[in-house]
Amino acid sequence: MEDTLLKALNGRYATKQFDPTKKISQGSLNTLLESLRLSPSSMGVQPWKFLVVTNSEVRKQIQEVSHHQPQVVDASHLIVLTRPLHIDAAHVDRHLANTAHIRGVTVESMSEYRSMIMRLVQTAPPEGLIGWANAQIYIALGFLLEAAALLGVDACPMEGFDKQKLDDVLKLPEKGLASVVLCALGYRTDADKYAKVKKSRFVKEEVFEFIA
Ligand SMILES: Cc1cc2nc3c(=O)[nH]c(=O)nc-3n(C[C@H](O)[C@H](O)[C@H](O)COP(=O)(O)O)c2cc1C
């Protein structure tokens with residue numbers, strides 16, 4: 001397993017040139033989407049919605065507001081990772097009702113848990129809550145990137161886009177959502193020179209400190 005994981009992580013790279021003719025199978029896509037859905041989040045609140053964009057016209061419009069990055073249109077699938085515009089009592093209660101249903105307990109039995117979450121939601125400044133939601137979404141992005149690497153699916157995470165304009169293209173405010181980050185998924189072309197570029201990472205001694 002260690003070998004499999006390290007091989008996958010060394011083999012992946014932020015793919016710049018996707019082969020537009022190669023599509024991800026439904027089975028692999030389902031697994032990748034599950035890696036997003038199963039991601040952990042602070043207090044289990046899941047402050048996210050993942051939009052899977054395959055419509056080529058919409059993808060062209062997204063490309064216009066994403067520095068014309070070719071990955072946006074060439075990849076098999078484009079995922080837009082979004083957060084709720086408002087993390088409020090309604091969102092928290094939806095999470096608690098879902099948990100109660102799944103675990104066969106009453107919502108009332110979780111009242112202390114609810115108070116704990118609501119304290120954070122009601123006392124944090126708006127920009128603090130946005131940062132908090134974004135942090136959860138980046139964990140989901142990490143899960144997706146690792147799952148893709150293990151499945152041999154190429155990916156490119158992307159922050160290079162105009163959030164305001166992308167939100168307008170996808171009418172996200174009307175849906176109560178805001179974009180956070182994109183991820184293109186598909187298969188590389190042989191011509192992508194970035195596949196052969198050596199990984200640039202700090203050495204272990206710089207990255208880790210062991211406090212024994
Ligand atoms: C959050 C995030 C945003 C990124 N945004 C872009 C982007 O907009 N366009 C792009 O080509 N690469 C983007 N990258 C790719 C990084 O440049 C790349 O992951 C980094 O240089 C390390 O290289 P590697 O992923 O190939 O190992 C992004 C990566 C992350 C994690």
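Note that residues are indexed from 1 along each chain, following the sequence as it is written. Where local features are concerned, this predicted model is filtered to residues with pLDDT of at least 70; where side-chain atom pairs are given and counted, the filter is 80 or more; whole-chain, interface and lining totals use all residues. Hydrogens and water are ignored here; the side-chain numbers use all heavy atoms of the structure.

A. Structural context of the site of the ligand. For this purpose, a residue is taken to be near a molecule or strand whenever a single non-hydrogen atom of the residue falls within 4 Å of it. The local shell around the ligand holds 14 residues, among which Arg12, Lys16, Gln69, Lys199 and Arg201 are the closest. Whenever two N or O atoms come within 3.5 Å, that pair is a polar contact, provided that in protein one can donate a hydrogen and the other can accept it, and provided that, for residues adjacent in sequence, both atoms are side-chain atoms. At 2.6 Å from an oxygen atom of the ligand is found a side-chain nitrogen or oxygen belonging to Arg12. With respect to the ligand, the backbone of Pro157 contributes an N or O atom lying 3.2 Å from a nitrogen atom. Residue-level accessible areas treat just the shown protein chains as cover; the underlying method is Shrake-Rupley with a 1.4 Å probe. For the ligand, the accessible surface in isolation is 620 Å², of which the surrounding protein chains cover 64%. Secondary structure follows DSSP: runs of H or I at least 4 residues long count as helices, runs of E at least 2 residues long count as strands, and numbering of each begins at the N terminus. Of the residues forming the shell around the ligand, the biggest block, three residues, is contributed by strand S3 (residues 154-158). Residue composition of the shell around the ligand, grouped by class: six nonpolar, three polar and five charged. Put simply, Ala, Val, Leu, Ile, Met, Phe, Trp, Tyr, Cys and Pro go in the nonpolar bin, Asp, Glu, Lys and Arg in the charged bin, and everything else, Gly too, in the polar bin.

B. Spatial organisation of helix H2 (residues 26-37). An ideal rise of 1.5 Å per residue puts 16 Å on twelve residues; H2 measures up with 16 Å between its terminal C-alpha atoms. Burial classes follow relative accessibility: with a 1.4 Å probe on protein chains only, a residue under 20% of its type's maximum area counts as buried, one over 50% as exposed, and anything between as partly exposed. Those residues of H2 not exposed but buried are Ser28, Leu29, Leu32, Ser35 and Leu36. Angularly, the buried residues of H2 cover 115° about the axis, an arc narrow enough to put them on a single face. Facing away from the buried side of H2, by more than 90 degrees, are the exposed residues Gln26 and Arg37. In this structure, the buried residues of H2 make contact with strand S1 (49-53), strand S2 (77-84), helix H7 (126-151) and strand S4 (177-186). Each helix should span, by expectation, one fewer than its residue count multiplied by 1.5 Å. This arc is taken over the directions from the axis of the helix to the C-beta atoms. Only heavy atoms enter the contact rule, under which two residues are in contact if any of them lie within 4.5 Å.

C. Geometry of a nonpolar patch on the surface. For patches, a residue must show more than 30% relative accessible area and have no salt bridge; joins then use 9 Å for like charges and 5 Å for nonpolar side chains, namely Val, Leu, Ile, Met, Phe, Trp and Tyr. For salt bridges, the criterion is a side-chain nitrogen of Lys or Arg within 4 Å of an Asp or Glu carboxyl oxygen. On the surface, a cluster of nonpolar side chains totalling about 540 Å² of accessible area is made up of Phe202, Val207, Phe208 and Phe210. Position of Phe202 among the secondary structure elements: in the loop between S4 and helix H9 (204-207).

D. Structural view of unusual backbone geometry. For Gln46, which is not glycine, the phi torsion reads 50° and is therefore positive. The phi dihedral of Lys171 is positive, around 50°, even though this residue is not glycine. In this fold, Lys171 is placed in the loop between helix H8 (163-169) and S4.

E. Expanded view of the packing of aromatic side chains. Working definition: a ring pair exists when centres of Phe, Tyr or Trp rings (six-membered ring for Trp) sit within 6.5 Å. Plane angles under 30 degrees give stacked, over 60 give edge-to-face, the rest tilted. This structure, assessed with the given rule, holds two aromatic pairs. Relative to Phe50, the ring of Trp48 lies with its centre 5.5 Å away and its plane at 35°, an arrangement referred to as tilted. A single burial state applies to Trp48 and to Phe50, both of which are buried. Each ring is checked for a lysine NZ or an arginine CZ that lies within 6 Å of its centre and within 35 degrees of its normal; such an atom marks a charge sitting over the ring. Just above the ring of Tyr194 sits the side chain of Lys16; from NZ or CZ to the centre is 5.3 Å.

F. Highlighting the packing of helix H5 (residues 89-103) against helix H6 (residues 111-123). Axes, fitted as lines to C-alpha atoms, cover a helix only where it is in contact. Angles between the N-to-C directions of the axes lie from 0 to 180 degrees. Where H5 contacts H6, the axes come no closer than 10 Å and their chain directions differ by 150°. By the angle class used here, H5 and H6 are roughly antiparallel. Of the two elements, H5 crosses H6, and the hand of that crossing is right-handed. Contact residues: H5 offers Ala89, Val92, Asp93, His95 and Leu96, while H6 offers Tyr113, Arg114, Ile117, Met118 and Val121. A per-class count over the contact of H5 with H6 returns seven nonpolar, one polar and two charged. Should an angle lie under 35 degrees it is considered roughly parallel, over 145 roughly antiparallel, and from 65 to 115 roughly perpendicular; all remaining angles are considered oblique. Crossing handedness is defined as follows: a turn of the near helix away from the far one that is anticlockwise and smaller than a right angle gives a left-handed crossing, while the clockwise case is right-handed.

G. Structural detail: the pattern of salt bridges. Under the defined criterion, the tally for this structure stands at five salt bridges. Here Asp19 ties to Lys22 by a salt bridge, and the two come within 4.0 Å at their closest N and O atoms. Taking the relative accessible area as the measure of exposure, Lys22 reaches 40% and is therefore partly exposed.

Keep in mind these values describe shape, not function.
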